[in-house]
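# Close look at the chain arrangement
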2 protein chains.
Amino acid sequence: MSDLSFRNWQSVQDEVLRRINSRLWKPGDLIPNEAELATEFGCARATVNRALQNLADSGLLDRRRKAGTRVTLHPIRKATLDIPVIRREIEGKGHTYLYSLISSQTVIPPQGIIGRMQLKPDDRLLHLVCVHMADGKPYVFENRWINPRVVPEVSGVRFIDQSPNEWLVENIPFSSGDITFSALSATKFESGILACKESEGLFVIDRSTWRGGEAITSVRLIFAPGYQMHTDI
Amino acid sequence: MSDLSFRNWQSVQDEVLRRINSRLWKPGDLIPNEAELATEFGCARATVNRALQNLADSGLLDRRRKAGTRVTLHPIRKATLDIPVIRREIEGKGHTYLYSLISSQTVIPPQGIIGRMQLKPDDRLLHLVCVHMADGKPYVFENRWINPRVVPEVSGVRFIDQSPNEWLVENIPFSSGDITFSALSATKFESGILACKESEGLFVIDRSTWRGGEAITSVRLIFAPGYQMHTDI
DNA sequence: CTCATTATTATGTATAGACATATAAACAAT
DNA sequence: ATTGTTTATATGTCTATACATAATAATGAG
């Protein structure tokens, strides 16, 4: 097969993908080395390298020096999970957005937050509680902790007109984060805030973001019944 | 700044990252072009290209021909969401795994599935209902539809000893998929299967996978109370 | 002034060649 | 048998150069 039609890295990638999906190269298989593929495809080794590297990045190939390139046994797919500005999410669905701050105070956080954010025992955090509404109906309850030692800019913000969610997304870059998804049954407290029945199933996101080794913020978002989060893999 | 210490693409990437995080280059800013950076860093343009391309892939830079390279205003982070073999997930937590097939039949699916899987109106699907258990307690309820026209291999499988989840992950590669996360309140049906209280909040994953333009399978996973899904961004 | 054409420019990509680096496998020494 | 050393090899990366491509900016025709 000395086909001269593989002259760019995308077409090489497509051909490799075809061979993987057609099970010509099965999961776990060692595929020919770059030099051989370059000869077969009639292109430079760098072009093959670009294609295989890209497939390795997306998790379909495992590459190791000297050992060669193998088709991944159980590929892990990447999904894009953005941290949305809730206002835009609601307005994007064609609803009118309303935001309401319930409380704001600087306090010593509970043990759970200290652990999750790896705080010093005497760190005082800004605790914000608020609700985002769509067409007047509660959409999501935001329960947030912000570390003012890491984000000193926060001291000048009142969070009356702009939610902590929006302000943080717009102003504070982060280097990493972790997210936990779960469900809970509404207690009297949540059912009151979200205007739903008690013990109703609610979708929950717990998320912390970090800069360097320090936690910027940790938030629990409890969504009103019916909320769905969608993504592609 | 004619520092000669940027001789590989990672160090160039690190320096660019530093300038972004230190807000020397702010979100929205146009950064110097590749040729200028190459001169500044004392390396080839291709090296700068590799670094910037990588940062663009991870969403921190926006690049357009002629227009140049800008720092992304609202970066979207990528998370790795694998499709786990539930057996391994349970055993990985140190519990003993048990799988139980409740029903298996080939039928014309309901409207919702026809729509979600973009089926022809007369497509008959294999409908599988089963439960995965950890230490004898229900862990997740699996309600799955498989298209035997797309996956003819499925006709030879009984799903008595191996769950459809595990068989599909091990044997059927897919090219894309979509996932929806939500919560529901347990009905009498779910509370019976998952041994939980009626109306308790349950975490739900709806997932479809595709090969080319055709849906391979669509599944609803309803998890027992307390389940959490975790990922990093 | 408007619209189509052309020039300019920044990124995108291909190439050959060279060297770097990790590491499996063969071999040697204990 | 175990440990340490060498060697061969596949991937990783850099370089200089060239051309491709997209898109903005400048230009000119009507």
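For every chain, the first residue of the written sequence is number 1, and numbering continues from 1 onward in sequence order. Chains carry letters and ligands carry numbers; both start at the beginning, A for chains and 1 for ligands, and go up in the order they are written. pLDDT decides what is reported in this predicted model: residues at 70 or higher carry local features, side-chain atom pairs at 80 or more are listed and counted, and totals for whole chains, interfaces and linings draw on all residues regardless. To obtain the side-chain values, all non-hydrogen atoms of the structure were used and water was disregarded.

### Focus on the protein's contact with DNA strand D
- Whether a residue is near a molecule or strand depends on its heavy atoms: it is near if one of them lies within 4 Å of it. Of all residues adjacent to DNA strand D, which total 24 residues, the nearest are R63 of chain A together with N8, W9, T47 and R64 of chain B.
- Atoms of DNA strand D within 4 Å of the protein: sugar and phosphate make up 75%, bases the balance.
- In protein, a polar contact requires one atom able to donate a hydrogen and another able to accept it; more generally it is a pair of N or O atoms within 3.5 Å, and residues adjacent in sequence count only if both atoms are side-chain atoms. Side-chain polar atom of R65 of chain B to a base oxygen of DNA strand D: 3.1 Å apart, as the coordinates give it.
- Numbering of helices and strands starts at the N terminus; helices are DSSP runs of H or I of at least 4 residues and strands are runs of E of at least 2. Among the elements of the structure, α3 (45-57), β2 (61-64) and β3 (68-71) of chain A together with α1 (9-21) and α3 (45-57) of chain B are those that each provide at least two residues to the surface near DNA strand D.
- With four residues, the single largest contributor to the surface near DNA strand D is α3 of chain B.
- Among the residues forming the surface near DNA strand D, the class breakdown is four nonpolar, eight polar and twelve charged. Under this grouping Gly is polar, as are all residues other than the nonpolar Ala, Val, Leu, Ile, Met, Phe, Trp, Tyr, Cys and Pro and the charged Asp, Glu, Lys and Arg.

### Focus: the sheet that holds strand β2 (residues 61-64) of chain B
Residue and element names in this part refer to chain B.
- When DSSP finds at least two bridges between two strands, those strands are taken to pair. Pairing is antiparallel in the open sheet, where three strands are placed in the order β1-β3-β2. Where the open sheet ends on each side, the last strands, each with one partner, are β1 (30-31) and β2.
- In terms of strand pairing, β2 meets strand β3 (residues 68-71) through four bridges, oriented antiparallel. Looking across to β3, one finds that R64 is bridged to G68.

### Let's talk about the relation of the copies chain A and chain B
- Residues below a pLDDT of 70 in either copy are left out; the C-alpha atoms of the rest, at least 70 in both, set the least-squares superposition of the copies. Take chain A, turn it by 180°, move it 0.1 Å along the axis, and it overlays chain B with an RMSD of 0.2 Å. The transformation relating the two chain copies, once decomposed into turn and shift, fits a two-fold axis. Closest approach to the rotation axis within chain A is made by the C-alpha atom of G201 of chain A, at a distance of 1.8 Å.
- Contact between two residues is taken to exist if any of their heavy atoms lie within 4.5 Å; hydrogens are not considered. Most of the interface of chain A is mirrored in chain B, where 98% of its interface residues again form contacts.

### Considerations on the sheet that holds strand β1 (residues 30-31) of chain A
Residue and element names in this part refer to chain A.
- The strand order β1-β3-β2 describes an open sheet built from three strands, whose pairing is antiparallel. At either margin of the open sheet sits one strand with a lone partner, and together these are β1 and β2.
- Summarising the sheet, β1 and β3 pair through two bridges and their orientation is antiparallel. Looking at β3, one finds that I31 is bridged to T69.
- An axis is simply a line fitted to the C-alpha atoms; with a helix, the fit covers only the stretch in contact. Between two such axes, the angle follows the N-to-C directions and lies from 0 to 180 degrees. Packed on one face of the sheet, α3 meets β1, β2 and β3 and runs near 115° to β2.

### What to know about the pattern of salt bridges
Residues and elements named next belong to chain B.
- Any carboxyl oxygen of Asp or Glu within 4 Å of a side-chain nitrogen of Lys or Arg constitutes a salt bridge here. Inspection of every chain in the model, using the stated rule, returns 26 salt bridges over all chains.
- E15 serves as the salt-bridge partner of R19, at 2.8 Å between the closest nitrogen and oxygen. One end of the pair is R19 and the other is E15, both in helix α1 and four residues apart, which spans about a single turn.
- Categorising residues by exposure relies on relative accessible area from a 1.4 Å probe, with only protein chains included: less than 20% of the type maximum marks a residue as buried, more than 50% marks it as exposed, and the intermediate range marks it as partly exposed. Among the residues examined, R19 registers a relative accessible area of 6% and is labelled buried.
- Given a relative accessible area of 8%, E15 falls into the buried group.

### What about α1 of chain B?
All names here are of chain B.
- Expected span, for any helix, means 1.5 Å times one less than how many residues it has. Counted at 1.5 Å a residue, the expected span for α1 with its 13 residues is 18 Å, and the 18 Å between its end C-alpha atoms agrees.
- The set of residues buried in α1 consists of S11, V12, Q13, E15, V16, R19 and I20.
- On the buried face of α1, the contacting elements are α2 (34-41), α3, β2 and β3.
- The first or second residue beyond α1 is R23, which carries a positive phi of 65°.

### So, the protein's contact with DNA strand C
- Around DNA strand C lies a shell of 24 residues, among which N8, W9, T47 and R64 of chain A together with R63 of chain B are the nearest.
- Counting only the atoms of DNA strand C within 4 Å of the protein, the fraction contributed by sugar and phosphate is 75%.
- Measuring from a phosphate oxygen of DNA strand C, one finds a backbone N or O atom of W9 of chain A at 2.6 Å.
- Between DNA strand C and R65 of chain A, the relevant distance is 3.1 Å, taken from a base oxygen to a side-chain nitrogen or oxygen of the residue.

### Section: helix α2 (residues 34-41) of chain A
All names here are of chain A.
- Along α2, the residues classified as buried are E34, L37, A38 and F41. Buried residues of α2, viewed axially, fall in a sector of 105°; they line one side.
- Those residues of α2 that are buried are in contact with α1 (9-21), β1, α3 and β2.
- The backbone nitrogen of A35 has a side-chain oxygen 3.0 Å away, supplied by the residue at the start of α2, namely N33.
- Phi turns positive one or two residues past the end of α2, at G42, with a value near 70°. The arc in question is the one spanned by the directions pointing from the helix axis to the C-beta atoms.

### Observations regarding the nonpolar core
- If you look at the biggest cluster of nonpolar residues, it comprises 68 residues, and the most contacted ones within it are F181 and F203 of chain A together with F181 and F203 of chain B.
- Setting aside residues no more than four positions away along its own chain, F181 of chain A makes contact with L81, F203, V204, I205 and M229 of chain A together with F203, Y227, Q228, M229 and T231 of chain B. Definition of nonpolar core: a set of buried residues of the types Ala, Val, Leu, Ile, Met, Phe, Trp, Tyr and Cys, connected through side-chain atoms within 4.5 Å.

### Here we look at the domain arrangement of chain A
- Assigned domains within chain A: domain 1 (9-71) and domain 2 (86-223).
- Note: domain ranges come from an automatic or database domain assignment. One C-alpha centre belongs to domain 1 of chain A, the other to domain 2 of chain A; they are set 44 Å apart.

### Points about the side chain of N147 of chain B
Residue and element names in this part refer to chain B.
- Position of N147 among the secondary structure elements: in the loop between β7 (137-146) and α6 (164-171).
- A distance of 3.0 Å separates a polar side-chain atom of N147 from the backbone nitrogen of R149.
- The residues touching N147, leaving out its near neighbours within four places in the chain, are M117, L119, D123, L125, A215 and I216.

### Re the packing of aromatic side chains
- Aromatic pairs are defined between Phe, Tyr and Trp rings, using the six-membered ring for Trp, whenever the two ring centres lie within 6.5 Å; interplanar angles under 30 degrees are classed as stacked, those over 60 as edge-to-face, and all others as tilted. Per the counting criterion, the structure on display carries 18 aromatic pairs over all chains.
- With centroids separated by 5.7 Å and ring planes inclined at 80°, the aromatic side chains of F141 of chain A and F189 of chain A adopt a geometry described as edge-to-face. One end of the pair, F141 of chain A, is in strand β7 (residues 137-146); the other, F189 of chain A, is in helix α7 (residues 188-194), with 48 residues separating them in the sequence.
- Taking relative accessible area as the criterion, F141 of chain A reaches 3% and is therefore assigned buried.
- Here a set of aromatic residues connected by ring pairs shows up, and it is made of Y139, F181, F203, F223 and Y227 of chain A together with Y139, F181, F203, F223 and Y227 of chain B.
- Over the ring of W9 of chain A we find R50 of chain A, and its NZ or CZ is 4.2 Å from the ring centre. Remark: a charge is flagged as sitting over a ring if the NZ atom of Lys or the CZ atom of Arg is within 6 Å of the ring centre and within 35 degrees of the ring normal.

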